[in-house]
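Each chain is listed here by its residues.
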Amino acid sequence: MKRAIHFVLLLFLSLLLYSYADEAFDVRQHLSTVTRYGAVKGIADNSFIASNIPDGCTPIHINLVARHGTRSPTKKRIKELDNMEARLEVLLRDAEERKLSLQKVPSWIQGWKSPWKGKLKGGELISKGEEELYDLGIRIREKFPDLFNEEYHPDVYAIRATQVPRASASAVAFGMGLFIGTGSLGPGRHRAFAVTSESRASDLLLRFYDTCENYKDFRKKQEPAVGKLKEPILDEITSSLVRRYMLNFTRQDTSSLWFLCKQEASLLDITDQACSLFTPSEISLLEWTDDLELFILKGYGNSLNYQMGVPLLQDVLQAMEQAIKAQEEKHAPGSYEKARLRFAHAETVVPFSCLLGLFHEGSGFQQIQEEKSLEPPPKPPQQRNWRGSVVAPFAGNNMLVLYSCQANSSSKYFVQVLHNEDPIPLPGCGCDFCPFELFKENIVYPHLKSNYNQVCMVKRETPEQKPSMATTASSSI
């Protein structure tokens, strides 16, 4: 009798724990680079304790590299969702013809219409994206009031964006938050400010991937291989969906439903339709396939991915050195730059994070300095540092804050890196508050071995290939 009671209690506790784990799983935090900023902001490594900024240290310059905010699906993807609408009708009709019960089919599938149906254009910044950048601007001003206490001038507060509308719109939203209450326009006392852009064809700082011929060749060759790496996971989940719902889903259906899940959850806060088709473990696997693609095509999977971003790293260093010179020569306030604020894309933020040595799996920093490819992120349920939802969510950002400290400290100038507004340790420094000279020596200089033209324009006789990466990743699937 006692055994029976113990067994019932054990079963009840197991079900309770399973139910709790299921409730604790928030799909909106597992959408790779389609994740909204607010869903993951503040999710940091709990084992890391940020440095206390020493007394006598004051911020004198900030570099910001940010991704645009949450956007609508692109025109191509809107068409895919329109096709999904027709495809679901075909699946339901097929089940009826086979005289199968539709009791297991979620009710939302019957008569589902794409929320983006009829839209002729896409990819624009949506209101949630505007709010992300607007709020970010307000928080940065509140966090660094001494940096933003001067009258606005574009040479003091330089704002740059790519020519893509969602990036420039993000810059405008950010500037509205940053300078709110400092002007004379409207009830919010807004002010006009300048946002500058380079032509897409020549933007080496923020769209280096568009002008790097070797990268474009690499990506064209590798995209099909990356698709192959995803297939075993998609096939496994497709089989589960077919058994679960008695509909003849294909691999492409699973891929499209996962895309729909990401759009619904991120843009519309709908998690009980497409996302509910998948279990938490399946979502974790689908997220991992997206993260794997990000790693291979934009991250540590090929050193070319981040080598081409060196001009941006040099621009950041130049801004710091100019700020130090102004400090040393005691330039008059308002005569030198205090912030360089950039707004671009995941293809910008991800390589830049790699150049800083962030989010590798613990032992890769030496390989990064030697410009070697790293091993792919481990497959769930193993833990990993490389997660697209953290590395480059919508509005994801890296801030490099330059501090001037009193002469009696170990160094006169320090750099602190904040990723998504939280301090993050720099592998090349061993902490998050790095002496400026050490930052240059260990993080910047190792990447200056070759210039942009050598990396991007000179055809290599033996270009870095991905078969070894593909083989490794396949064996871990």
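Residues numbered from 1 in each chain as written. Predicted model: local features only at pLDDT ≥ 70, side-chain atom pairs only at ≥ 80, totals over all residues. Heavy atoms only, no water.

- With an unreviewed UniProt entry as reference, the protein is termed Multiple inositol polyphosphate phosphatase 1, source organism Castanea mollissima.
- Per its UniProt entry, the protein bears the Subcellular location (unreviewed entry) comment "Cell membrane". (UniProt positions renumbered as here; feature names shortened; annotations may be inferred.)

**Let's talk about helix α15 (residues 436-444)**
Item 1. Within the span of α15, buried status applies to Phe 436, Phe 439, Lys 440, Ile 443 and Val 444. Axial view of α15: buried residues confined to an arc of 110°, hence all on one face.
Item 2. Close packing links the buried residues of α15 with α11 (310-328), α12 (346-356), α13 (365-369), β4 (397-404), β5 (413-419) and β7 (433-435). (Buried < 20%, exposed > 50% of the residue type's maximum accessible area, 1.4 Å probe, protein only. Helix = DSSP H or I, 4+ residues; strand = E, 2+ residues; numbered from the N terminus. Arc of directions from axis to C-beta. Contact = heavy atoms within 4.5 Å.)

**A short note on the packing of aromatic side chains**
Item 1. In total, this model carries 15 aromatic pairs according to the counting rule given.
Item 2. Pairing Tyr 152 with Phe 179 gives two aromatic rings, centres 5.1 Å apart and planes at 70°, and the pair type is edge-to-face. With a gap of 27 residues between them, Tyr 152 in the loop between α4 (127-143) and β2 (157-161) and Phe 179 in the loop between α5 (165-178) and α6 (208-211) connect regions that are remote in the sequence.
Item 3. Three or more aromatic residues joined by ring pairs form one cluster here, namely Phe 148, Tyr 152, Tyr 157, Phe 179 and Phe 193.
Item 4. Seen from the ring of Phe 259, Arg 77 lies directly overhead, with NZ or CZ sitting 4.0 Å from the centre. (Phe/Tyr/Trp six-rings, centres within 6.5 Å; stacked < 30°, edge-to-face > 60°. Lys NZ or Arg CZ within 6 Å of the ring centre and 35° of its normal.)

**Side note on unusual backbone geometry**
Item 1. A cis amide bond, omega 10°, links Pro 380 with the succeeding residue Pro 381.
Item 2. Relative to the helices and strands, Pro 381 resides in the loop between α13 and α14 (388-391).
Item 3. Although it is not a glycine, Asn 420 adopts a positive phi angle of roughly 50°.
Item 4. By the element assignment, Asn 420 lies in the loop between β5 and β6 (422-423).

**Describing the state of the cysteines**
Item 1. Throughout the structure, instances matching the rule amount to four disulfides.
Item 2. The disulfide partner of Cys 429 is Cys 434, and the gap between their sulfur atoms is 1.8 Å. Between Cys 429 and Cys 434, the disulfide has an S-S torsion of -55° and is therefore left-handed.
Item 3. Counting its disulfide-bonded cysteines in sequence order, the protein shows a connectivity of 1-5, 2-8, 3-4, 6-7.
Item 4. Cys 429 provides the cysteine sulfur closest to Cys 431, a residue in no disulfide bond, and the two sulfurs are 5.7 Å apart. (Disulfide = S-S within 2.5 Å.)

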